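Residue-level listing of the chains:
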Amino acid sequence: MIDICNRHLNTDYTDEDYEIPLPQSALREVYALLVNRSYLPDDEEFEVLPCNIEWQERLSYEIMNLVNARKINNIIWQLKDIQYNNYASCEYIPDKNDRQAFEENPQAYEWEFRIFNSY
């Protein structure tokens, strides 16, 4: 994911960086990466903690990627709905002034995304 962000932003973030900007233009590529990583070939090495059984750890990893891919897919579709239909569902904007500005002109609202690197 970091490589995808770097390509879209022309930056050089690494695993050492905790907070990494994710441009809207990179969402589909990140989505595709997660979907592709939702199945790991049996011969691919997978780092396992000593207390876990490898297949359970692998299955958890694959399921987590599918769950996160679905979340990104929902974001992509909501952004397209705003862009093409001027439709705005705003229950997730907690600030009243921000919510009002969004309702008045959703296409002018600026979206920012971040990856929080936990490794």
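Scroll up to find the structure this text is about.
All residue numbers here refer to positions counted from 1 along the written sequence of the relevant chain. Residues qualify for local features only when their pLDDT is at least 70, as the model is predicted, and side-chain atom pairs are given and counted only at 80 or more; totals for whole chains, interfaces and linings, by contrast, use all residues. As a rule here, side-chain values cover all heavy atoms of the structure and leave hydrogens and water aside.

1. Points about the nonpolar core
At step 1: Throughout this description, the term nonpolar core refers to a set of buried Ala, Val, Leu, Ile, Met, Phe, Trp, Tyr and Cys residues connected via side-chain atoms within 4.5 Å. When a residue's accessible area, from a 1.4 Å probe over protein chains only, is under 20% of the maximum for its type it is buried; when over 50% it is exposed; and in between it is partly exposed. Counting residues in hydrophobic clusters, the biggest one holds 15 residues, and the most contacted among them are Leu-22, Leu-27, Val-30 and Ile-72.
At step 2: For this core, the secondary structure elements donating two or more residues are helix 1 (2-9), strand 1 (19-22), helix 2 (27-36), helix 3 (54-85) and strand 2 (113-116).
At step 3: Throughout, a residue-residue contact means that at least one pair of heavy atoms, one from each residue, lies within 4.5 Å. Non-local contacts of Leu-22, meaning those with residues more than four positions away in its chain, are made with Cys-5, Leu-27, Val-30, Phe-113, Arg-114 and Ile-115. Numbering of helices and strands runs from the N terminus; a helix is a DSSP stretch of H or I covering at least four residues, while a strand is a stretch of E covering at least two.

2. A closer look at the packing of helix 1 against helix 2
Helices that pack against each other are described as a pair by the angle of their axes relative to one another and the distance between those axes.
At step 1: Relative orientation of the contacting elements helix 1 and helix 2 amounts to 160°, with a least axis distance of 10 Å. One element, helix 1, and the other, helix 2, form an angle in the roughly antiparallel class. When you trace helix 1 past helix 2, the crossing you get is right-handed. Of the residues in helix 2, those in contact with Ile-4, Arg-7 and His-8 of helix 1 are Glu-29, Val-30 and Leu-33.
At step 2: Basically, the charged four are Asp, Glu, Lys and Arg, the nonpolar ten are Ala, Val, Leu, Ile, Met, Phe, Trp, Tyr, Cys and Pro, and anything else, Gly included, counts as polar. Looking at the contact of helix 1 with helix 2 residue by residue, the class counts come to three nonpolar, one polar and two charged. Orientation is described by lines fitted to C-alpha atoms, with helices fitted over the stretch in contact, and by angles between N-to-C directions that extend from 0 to 180 degrees. Any angle that falls under 35 degrees is termed roughly parallel, while one over 145 is termed roughly antiparallel, one within 65 to 115 roughly perpendicular, and all others oblique. Throughout, a crossing is termed right-handed when the near helix is turned clockwise from the far one, and left-handed when it is turned anticlockwise from it by less than a right angle.

3. Digging into the packing of helix 2 against helix 3
At step 1: Where helix 2 contacts helix 3, the axes come no closer than 8 Å and their chain directions differ by 155°. With respect to their mutual orientation, helix 2 and helix 3 come out roughly antiparallel. Handedness of the helix 2/helix 3 crossing: left-handed. Across from Leu-27, Arg-28, Val-30, Tyr-31, Leu-34 and Val-35 in helix 2, the residues of helix 3 making contact are Asn-65, Asn-68, Ala-69, Ile-72, Asn-73, Ile-75, Ile-76, Leu-79 and Lys-80.
At step 2: For the contact of helix 2 with helix 3, the residue count by class is 10 nonpolar, three polar and two charged.

All we've got here are geometric facts, nothing functional implied.
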